[in-house]
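# Topology and contacts: notes
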Amino acid sequence: MPSPESASSTRSLTAGWHLEHSYAQLPEAFHVAFQPTPVRQPKLVILNRALAESLGLDAAQLDHASWFSGNDLPPGAQPLAQAYAGHQFGNFTMLGDGRAILLGEQITPKGQRFDIQLKGSGQTPFSRRGDGRATLGPMLREYIISEAMHALGIPTTRSLAVVTTGELVRRDGMLPGAVLTRVAASHIRVGTFEYAAARGEQALLQALADHTLQRHYPDAANAAQPYLALLQGVIERQAALIARWQHVGFIHGVMNTDNMALSGETIDYGPCAFMEAYDPATVFSSIDHQGRYAYGRQPFIAQWNLARFAEALLPLLDPVEEKAVELANDAIIGFEPIYKQHWLTGMRGKLGLLTEEGDDLSLIDSLLKWMQETQADFTNTFRALSSPGSASLSADPDFLAWHQRWQERLTRQPQTAEAVQEIMRCHNPVAIPRNHKVEEALTAAVEREDLGVLERLLAVLAQPYEHVQPPPEEYLAGSPSGDYQTFCGT
Ligand code: AMP
Ligand code: MG
């Protein structure tokens, strides 16, 4: 890797692009060199200047659409489509980037490495029957939600730009085509390992595991059993990630194994949405008829997906199959206590509990039970509890009894009321992407080419923990109708 000095001297000439290609060094089975398909009339809809800057890119030189549409390639790009597989709603399928192209890995001024991927960039050898395209609404939706997640402090892929293509795409009617530029620690998925395992060549699996270790788990690479340490590391990060989702009411919507990133980032924002009224059975995705990916099932599904990862890794865990299975099982069983600990720690933060008592879980559960019974808004309930006078939140005797119990619990810890409030305000967002506000922003952008609504929403979502000067009430209130449906990333 060149020194930061030599990199910065060439950066000024190239808008700051500094692309490397470590993934392309993997065996050929993992990728196909493939160009994005040019589009008729690329037009920049939104550019994430803060993100561009943190990537070492000069936003002023990015202010045109051709790099983000695939019509032009940034200097040093080596476009490719990645091969992967995945369990989709429980069924195994061979997949791959059917509408995405990896341009390369941007090395930031701090030396970090990020995939730069175009999503909606045309057909690839993995497109099956798909057109390789994306439409404006869902790409802007990914932009909004991923940036909201980032501001909430939750590991996630990010969105650098959205362009329209000047072409119409056939979905439910004809819709404006668009391309999203996605930035990710990597696009290595549980499904990438399933793909390697399905090919049945241990050399492929090992090359992928070594690449993943180097890139995301350098400490595990030096462990006595690096592949077991990789499995444990991925389990740890996913347990932490899913706990964070649960703490803010994020519902991914399509937790297929191809949508679970080994980096520990949230990836692939399709039919995702934030829960409003608290109910573990909440599902938004129009295709999730069984509620497989409901809010309350996300931890279980994560563990199920991790079991598929462990299965794929078996040949690397131990040459004796029974021993490998035992190691994998022990690691997967370990997910539950790790997840529960992360969840409990975050929930303690949400209630300002700075010490630990054996009864804390029951205190938390009892609040959640009341919230479910009364269909209380998840975000606004915790927000109200984070302010003085929270007993006036509800006159319901059940709530008041709970509130009394909580207040007594708070008196049994040494911290001041101010310290409690401060910790609560760091754990309880004020602003989440409310479903009706997201829809309002998308409608304005798609139907009226008005981006002002979306930009105002993004500004609110960029400061989700602003309790003292909260955004206007219209961003905070629950959506008028509880019957919200989201559609797969089409
Ligand atoms: P997703 O549900 O977005 O995670 O995508 C699942 C698989 O379907 C991935 O392999 C995608 O590349 C592929 N796919 C989704 N939409 C399209 C499309 N319009 N054209 C081609 N492939 C697609
Ligand atoms: Mg996907």
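My aim in this report is to walk through the structure given alongside it, one point at a time. (Residues numbered from 1 in each chain as written. Chains lettered and ligands numbered in written order. Predicted model: local features only at pLDDT ≥ 70, side-chain atom pairs only at ≥ 80, totals over all residues. Heavy atoms only, no water.)

Next up on the list: the site of ligand 1. Taken together, 17 residues are adjacent to ligand 1, and Gly 96, Gly 98, Asp 131, Gly 132 and Asn 259 come closest. Gly 96 places a polar main-chain atom, nitrogen or oxygen, 2.6 Å from an oxygen atom of ligand 1. At 3.4 Å, a side-chain N or O of Arg 128 approaches an oxygen atom of ligand 1. The protein chains hide 82% of the 480 Å² of surface that ligand 1 would expose on its own. For the shell around ligand 1, a count of residues per class yields two nonpolar, seven polar and eight charged. (Near = heavy atom within 4 Å. Polar contact = N/O pair within 3.5 Å; in protein donor to acceptor, adjacent residues only side chain to side chain. Areas by Shrake-Rupley, 256 points an atom, 1.4 Å probe, with all protein chains shown as cover. Nonpolar A, V, L, I, M, F, W, Y, C, P; charged D, E, K, R; others polar.)

Mapped onto the fold, Gln 303 is located in helix α9 (residues 298–317). The exposure class assigned to Gln 303 is buried, which follows from its relative accessible area of 18%. Distance from Gln 303 to Gly 334, taken between C-alpha atoms, is 9.6 Å for residues 31 residues apart in sequence. Setting aside its immediate chain neighbours within four residues, Gln 303 contacts Ile 332, Ile 333, Phe 335 and Glu 336. In this structure the side chain of Gln 303 is engaged in a polar contact, spanning 3.0 Å, whose partner is the backbone oxygen of Ile 332. (Helix = DSSP H or I, 4+ residues; strand = E, 2+ residues; numbered from the N terminus. Buried < 20%, exposed > 50% of the residue type's maximum accessible area, 1.4 Å probe, protein only. Contact = heavy atoms within 4.5 Å.)

This paragraph deals with the packing of aromatic side chains. Counted according to the given criterion, the structure contains 15 aromatic pairs. On the numbers, 6.0 Å between centres and 65 degrees between planes, the contact of Phe 250 with Tyr 269 is edge-to-face. Placement of Phe 250 in strand β12 (residues 250–251) and of Tyr 269 in the loop between β12 and β13 (273–274) is noted, with a sequence separation of 19 residues between them. Relative to Tyr 295, the ring of Tyr 278 lies with its centre 6.3 Å away and its plane at 85 degrees, an arrangement referred to as edge-to-face. Of the two residues, Tyr 278 is situated in the loop between β13 and α9 and Tyr 295 in the loop between β13 and α9; the sequence distance between them amounts to 17 residues. For Tyr 295, a relative accessible area of 5% corresponds to the buried category. Here a set of aromatic residues connected by ring pairs shows up, and it is made of Trp 245, Phe 250, Tyr 269 and Phe 274. Between Lys 350 and the ring centre of Phe 382, over which it is positioned, the NZ or CZ distance is 4.6 Å. Between Lys 437 and the ring centre of Tyr 475, over which it is positioned, the NZ or CZ distance is 4.8 Å. (Phe/Tyr/Trp six-rings, centres within 6.5 Å; stacked < 30°, edge-to-face > 60°. Lys NZ or Arg CZ within 6 Å of the ring centre and 35° of its normal.)

Turning next to empty space enclosed by the protein. Scanning the model with the defined rule gives three cavities of 30 Å³ or more in all. As a volume, the largest cavity reaches approximately 60 Å³. Every residue along the wall of the largest cavity is listed here: Gln 238, Leu 241, Ile 242, Trp 245, His 252, Met 255, Asn 259, Met 260, Ala 261, Glu 265, Thr 266 and Ile 267. (1 Å grid on protein atoms, 1.4 Å probe; cavity = no way out; pocket = protein on both sides within 12 Å on 5 of 7 lines; lining within 4 Å. Points joined across faces, edges and corners; volume = space filled by probe spheres on them.)

Right, let's talk about the pattern of salt bridges for a bit. Per the stated rule, a full pass over the model turns up 26 salt bridges. Lys 43 serves as the salt-bridge partner of Glu 449, at 3.5 Å between the closest nitrogen and oxygen. Residue Glu 449 is found in the loop between α16 (435–448) and α17 (452–461), and its partner Lys 43 is found in strand β3 (residues 43–47); the two are separated by 406 residues along the sequence. Linking Asp 115 and Arg 215 is a salt bridge whose minimum nitrogen-to-oxygen distance equals 2.6 Å. Placement of Asp 115 in strand β8 (residues 113–119) and of Arg 215 in helix α6 (residues 202–216) is noted, with a sequence separation of 100 residues between them. Like Asp 115, the residue Arg 215 is buried in the burial classification. Each of Arg 348, Glu 356, Glu 357, Asp 360, Arg 409 and Arg 412 takes part in one network of salt bridges that share partners. (Salt bridge = Lys/Arg side-chain N within 4 Å of Asp/Glu carboxyl O.)

A few words now on the coordination of the magnesium ion (ligand 2). The magnesium ion (ligand 2) binds to the protein through Asn 259 (OD1) and Asp 268 (OD), with metal-donor distances spanning 1.9 to 2.2 Å. Taking the relative accessible area as the measure of exposure, Asn 259 reaches 11% and is therefore buried. Given the relative accessible area of 14%, Asp 268 is considered buried. (Donors = N, O, S within 2.8 Å, 3.2 Å for Na, K, Ca; no water.)

Let us now look at the environment of Thr 282. Tracing the backbone shows Thr 282 in the loop between β13 and α9. When the C-alpha positions of Thr 282 and Tyr 293 are compared, they lie 9.0 Å apart, and in sequence the two are 11 residues distant. Beyond its immediate sequence surroundings of up to four residues, Thr 282 is in contact with Ile 251, Met 275, Ala 277, Ala 294 and Tyr 295. Here the side chain of Thr 282 touches Asp 279 through a polar contact of 2.5 Å, landing on its backbone oxygen.

Now for the pairing of strand β7 (residues 100–107). Judged by how many residues are buried, β7 sits mostly within the fold: eight of eight residues are covered. Sheet topology places strand β1 (residues 19–20) next to β7; two bridges connect them, and they run antiparallel. Following the sheet pairing, Leu 19 is matched in β7 by Gln 106. Bridge count for β7 against β8 is seven bridges, and the pairing is antiparallel. Counted as the bridge partner of Ile 101 is Leu 118 from β8. Connecting β7 to the antiparallel partner β8 that follows it, the hairpin turn spans five residues, and Gly 111 within it adopts a positive phi of roughly 90 degrees. (Pairing = 2+ DSSP bridges.)

In short, geometric facts, not functional conclusions.
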